[in-house]
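Coordinate inspection notes
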Amino acid sequence: MHNKPLIAILRGIETSQAGEVAEEIVKAGIDMIEVPLNSPTPFDSISAMIDAVGDQALIGAGTVLNTEDVATLANLGARFTVSPDCNPAVISATKRAGMASYPGVMTPSECFSALNADADGLKLFPALIVGPEGLKAIKAVLPPHVPLYAVGGAGPDNFAEWIKAGASGFGIGSALFKPGFTTAQIAANAKNIVAAYRKCLDRSS
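Summary of the structure given here. (Residues numbered from 1 in each chain as written. Predicted model: local features only at pLDDT ≥ 70, side-chain atom pairs only at ≥ 80, totals over all residues. Heavy atoms only, no water.)

1. Some details on the overall build of the chain
Within the chain, the regular secondary structure consists of eight helices and nine strands. Taken over the C-alpha trace, the chain has a radius of gyration of 16 Å; the compact-globule value for 205 residues is 17 Å, and the two agree within 12%. Taking the principal axes of its C-alpha atoms as reference, the chain extends roughly 45 × 40 × 25 Å. When each of the 205 residues of the chain is scored for burial, the buried share is 51%. Considering only intrachain contacts with a sequence separation of at least 6, the fraction spanning at least 24 residues in the chain is 58%. For the chain, the accessible area works out to roughly 8900 Å², and carbon and sulfur atoms hold 51% of it. One finds the centroid of the 15 positive side-chain charges in the chain at a distance of 9 Å from the centroid of its 19 negative side-chain charges. (Helix = DSSP H or I, 4+ residues; strand = E, 2+ residues; numbered from the N terminus. Rg over C-alpha atoms; globule rule 2.2 N^0.38 Å. Buried < 20%, exposed > 50% of the residue type's maximum accessible area, 1.4 Å probe, protein only. Contact = heavy atoms within 4.5 Å. Areas by Shrake-Rupley, 256 points an atom, 1.4 Å probe, with all protein chains shown as cover. Lys, Arg positive; Asp, Glu negative; His and termini not counted. Charge placed at Lys NZ, Arg CZ, Asp CG, Glu CD.)

Below you can see the structure in the form of C-alpha cells.
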C-alpha cells in the first residue's frame, strides 16, 4: 500500500458527521483517515466514510487492540489499522486480512518487533516524549525504507523539525478535529495543515 504523509485522526467523531467531514478532509488534500475505535459508534462512522470517499481515500481505524476488531474492520472494507501499542498478533491479523498495519512504538526493540511481524509502517507515539532527536537516533538503526509517523506532539507548528529528524509523515488529531467542531471548522483546519506541510516540503527541497 502506498504510504501517505498525513493521516487525519478523528477521535470522537459522531457517525452523523462522518461522511461529510471525510469529504472535506479529502478535498483539502488529506487522503488517509483514521477513526479511533474508542469513538462513538466507530464502525458505523468508518462505513459512512467508506461510502462517502472510499474511492478517493484510505479509510481505517485507530486504537485497534485485538484481533476481533481487526476481523470486523476487514468485513467493513477498511484499508488499515493503527494501534497505540506493538501487538504482533494484531499486526499479523491485519496483514492476513489484506490491510496495512501501523503499530505504535517508542523504542528500537518495539520497532523491530513490529517490523518482524510485517508492519507496513511505524507510529512513534507519543512522539513528544521521544522528541525529534530521539526519532533521529531511532531512524539511524531502522531500514531506510520504513515509514515512521510522528503522532502526539507533532503538528503544523513543528512539521519542519520532525521532517528534518526523519519523520515520514504525521498523524494529526486535535489540530484537525475535536468533538464539537463544525464541518466548516474541520475543513479550514485541514486546509491549513496541508498548506503548512507543503510549505515545509518546499523549504526542505
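2. Digging into the environment of Leu65
Residue position: Leu65 is located in the loop between β3 (58-62) and α3 (67-76). Leu65 sits 86 residues away from Val151 along the chain, and the two C-alpha atoms are 17 Å apart. Not counting residues up to four positions away in its chain, the partners in contact with Leu65 are Pro84, Asp85, Asn87 and Val90.

3. Thoughts on the side chain of Thr63
By secondary structure assignment, the location of Thr63 is in the loop between β3 and α3. Only 3.1 Å separates the side chain of Thr63 from the side chain of Arg11, close enough to count as a polar contact. Apart from residues no more than four positions distant in its own chain, Thr63 is found in contact with Arg11, Glu34, Pro36, Leu37, Asn38, Val82, Ser83 and Pro84. (Polar contact = N/O pair within 3.5 Å; in protein donor to acceptor, adjacent residues only side chain to side chain.)

4. Comments concerning the pattern of salt bridges
Taken as a whole and assessed by the stated rule, the structure comprises three salt bridges. The salt bridge partner of Asp120 is Lys95, with a shortest N-O separation of 2.9 Å. Here Asp120, found in the loop between α5 (108-116) and β7 (122-124), pairs with Lys95, found in helix α4 (residues 88-96); they are 25 residues apart in sequence, far enough to count as distant. (Salt bridge = Lys/Arg side-chain N within 4 Å of Asp/Glu carboxyl O.)

5. Topic: the side chain of Asp69
Following the sequence through the fold, Asp69 ends up in helix α3. Buried charge Asp69 goes without a salt bridge, the closest partner of opposite sign being Arg11 at 12 Å. In contact with Asp69, not counting residues within four places along its chain, are Leu37, Phe43 and Val64.

6. Side note on the nonpolar core
Counting 62 residues, the largest nonpolar core has Phe159, Phe170 and Leu176 as the members making the most contacts within it. The dominant element in this core, judged by the number of residues it contributes, is helix α8 (residues 183-204), at seven residues. Not counting chain neighbours up to four residues away, the residues in contact with Phe159 comprise Leu6, Phe170, Ile172, Ile193, Ala196, Tyr197 and Cys200. The next biggest cluster of nonpolar side chains, apart from the first, holds 10 residues, and it includes Ile9, Met32, Ala100 and Tyr102. (Core = buried A, V, L, I, M, F, W, Y, C linked by side-chain atoms within 4.5 Å.)

7. Looking at the pairing of β3
Taken across its five residues, β3 has five buried, putting it largely inside the fold. Burial along β3 is two-sided: the face carrying Leu58, Gly60 and Gly62 and the face carrying Ile59 and Ala61 are both buried. Note that strand β2 (residues 32-36) and β3 share five bridges and pair parallel. Its bridge partner being in β3, Ile33 is matched across the sheet by Ile59. (Pairing = 2+ DSSP bridges.)

8. What to know about the packing of aromatic side chains
Under the counting rule described, the total for this entry stands at five aromatic pairs. Ring geometry for Phe159 versus Phe170: centroids 4.5 Å apart, planes at 45 degrees, classification tilted. With a gap of 11 residues between them, Phe159 in helix α7 (residues 159-165) and Phe170 in strand β9 (residues 169-172) connect regions that are remote in the sequence. Of the two residues, Phe159 and Phe170, both sit in the buried class. Considering the side-chain rings of Phe170 and Tyr197, the 6.4 Å spacing of their centres and the 75 degrees angle between planes classify their relative orientation as edge-to-face. Pair noted here: Phe170 is in strand β9 and Tyr197 is in helix α8, with a separation of 27 residues, a long-range link. Across the pair, Tyr197 and Phe170 agree in class, each one buried. A network of ring pairs unites the aromatic residues Phe80, Tyr102 and Tyr149 as a single cluster. Over the ring of Phe125 we find Lys123; its NZ or CZ atom is 4.5 Å from the centre of that ring. (Phe/Tyr/Trp six-rings, centres within 6.5 Å; stacked < 30°, edge-to-face > 60°. Lys NZ or Arg CZ within 6 Å of the ring centre and 35° of its normal.)

Functional significance is not addressed by these values, which are geometric in nature.
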